[in-house]
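# Remarks on the overall topology
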Amino acid sequence: MSSTYHRVLLKLSGEIFQRDALIGDIVRQLIRAHKKGVKLALVLGGGNIIRGRTARQFDPVAADQAGMLATVINGIILTEKLKPEAPVCHLAAIPVGKFVPQYTINQARLLLEEGKILVLSGGTGNPFFSTDSAAALRALELNMEIILKGTKVPGIFSADPEKYPDAQFYPRITYEQALAEGLKVMDQTAFALCREHRIPIVVFDINQPDAILKIIGGKKIGSCVC
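Please read all numbers here as calculations on a predicted model, not as lab measurements. (Residues numbered from 1 in each chain as written. Predicted model: local features only at pLDDT ≥ 70, side-chain atom pairs only at ≥ 80, totals over all residues. Heavy atoms only, no water.)

One face of the sheet, then the other: side chains in a regular strand alternate in exactly this way. Judged by how many residues are buried, strand β2 (residues 39–44) sits mostly within the fold: five of six residues are covered. Of the pairings in the sheet, the one linking strand β1 (residues 7–12) to β2 comprises six bridges and is parallel in character. Considered in β2, the bridge of Arg-7 is made with Lys-39. Handedness of the crossover is the feature at issue here: the chain leaves β1, passes through helix α1 (residues 20–35), returns alongside β2, and the resulting connection is right-handed. (Buried < 20%, exposed > 50% of the residue type's maximum accessible area, 1.4 Å probe, protein only. Helix = DSSP H or I, 4+ residues; strand = E, 2+ residues; numbered from the N terminus. Pairing = 2+ DSSP bridges. Right-handed = clockwise from strand over helix to strand, strands pointing away.)

For the rest of this paragraph, the subject is helix α2 (residues 60–82). For α2, built from 23 residues, the straight-helix expectation of 33 Å at 1.5 Å per residue is met to within 8% by its first-to-last C-alpha distance of 33 Å. Along α2, the residues that are buried comprise Ala-63, Asp-64, Gly-67, Met-68, Ala-70, Thr-71, Val-72, Asn-74, Gly-75, Leu-78, Thr-79 and Leu-82. Looking at the buried residues of α2, the elements they touch are β1, α1, β2, β3 (88–92), β4 (117–121) and α4 (131–141). N-cap assignment for α2: the residue whose side-chain oxygen lies 2.9 Å from the backbone N of Val-61 is Asp-59. (Expected span 1.5 Å × (residues − 1). Contact = heavy atoms within 4.5 Å. Polar contact = N/O pair within 3.5 Å; in protein donor to acceptor, adjacent residues only side chain to side chain.)

This part covers the packing of α1 against α2. A pair of packed helices is captured by two measures, namely the crossing angle of their axes and the spacing between those axes. Across the interface, α1 lies against α2 with an axial gap of 10 Å and an inter-helix angle of 55°. Compared by their axis directions, α1 and α2 come out oblique. Regarding α1 and α2, the two cross each other, and that crossing is right-handed. Mapping the contact onto sequence places Ile-23, Val-27, Leu-30 and Ile-31 in α1 and Leu-78, Lys-81 and Leu-82 in α2. A class-by-class count of the residues in the contact of α1 with α2 yields six nonpolar, no polar and one charged. (Axes fitted to C-alpha atoms, helices over the stretch in contact; angles between N-to-C directions. Parallel < 35°, antiparallel > 145°, perpendicular 65-115°, else oblique. Left-handed = near helix turned anticlockwise from the far one by under 90°. Nonpolar A, V, L, I, M, F, W, Y, C, P; charged D, E, K, R; others polar.)

Inspection of the secondary structure assignment puts Asn-74 in helix α2. A distance of 2.8 Å separates polar atoms of two side chains, one belonging to Asn-74 and the other to Asn-48. Other than its neighbours up to four places away in sequence, Asn-74 contacts Gly-14, Phe-17, Leu-44, Gly-45, Gly-46, Asn-48 and Ile-49.

For the rest of this paragraph, the subject is the sheet that holds strand β10 (residues 223–225). Taken together, the eight strands give an open sheet; going across it, the order is β3-β4-β2-β1-β5-β9-β10-β8, and neighbouring strands pair in mixed fashion. The sheet is open, and its two borders are formed by β3 and β8 (172–173), each paired with just one other strand. Pairing analysis gives three bridges linking β2 to β4, with the strands arranged parallel. When the sheet's bridge partners are listed, Leu-42 is paired in β4 with Val-119. Of the strands in this sheet, β1, β2 and β4 are in contact with α1, which crosses β2 at around 150°.

Remember, this is a structural readout, not a statement about activity or role.
Structural data, given as structure tokens:
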């Protein structure tokens, strides 16, 4: 595998943690990319446990706090799966006592340059911001070249392809078009941050074999926002 990208942030939804085989495949790809010298940071969702924005029975701040803790649990799981094969460090945006060190920009940059795979949980550490926004923020802080967002669909469509089979697929789309059409694959705060700093976003089907490695190697898979 040759690498077109050398500094990659991967955003993973919480749903992948419901499938052990899929997690195992993602871990295998990450380890292979790491061995080729790619610097990797992973930002995790927590929707397999609780999704703060849809937990209507709670105060929205409390719901988002629960969602942030859910991502920490997923971070612990993913760290344990990576640990036997690669140097990895889990940092959380929120204080969680003795379980996980708290994220700071300087520490994260140092660990990344030392060759650690970073597992980043806790979102941004603040309510009302999604893990998409956390992915965009961490990509900026860590000087990443690209954001990869693994989903269950092949990329970005003009509408939800599961509800609208005739929705148009966008292999390439501008930040401006994504914002103007209100596309929901990433939230508008994340799009706006990436647009301002010109960080490309690739949205792809996480189930496609070796998709992460292929994108890192320069193959056009999914949809690119740039």
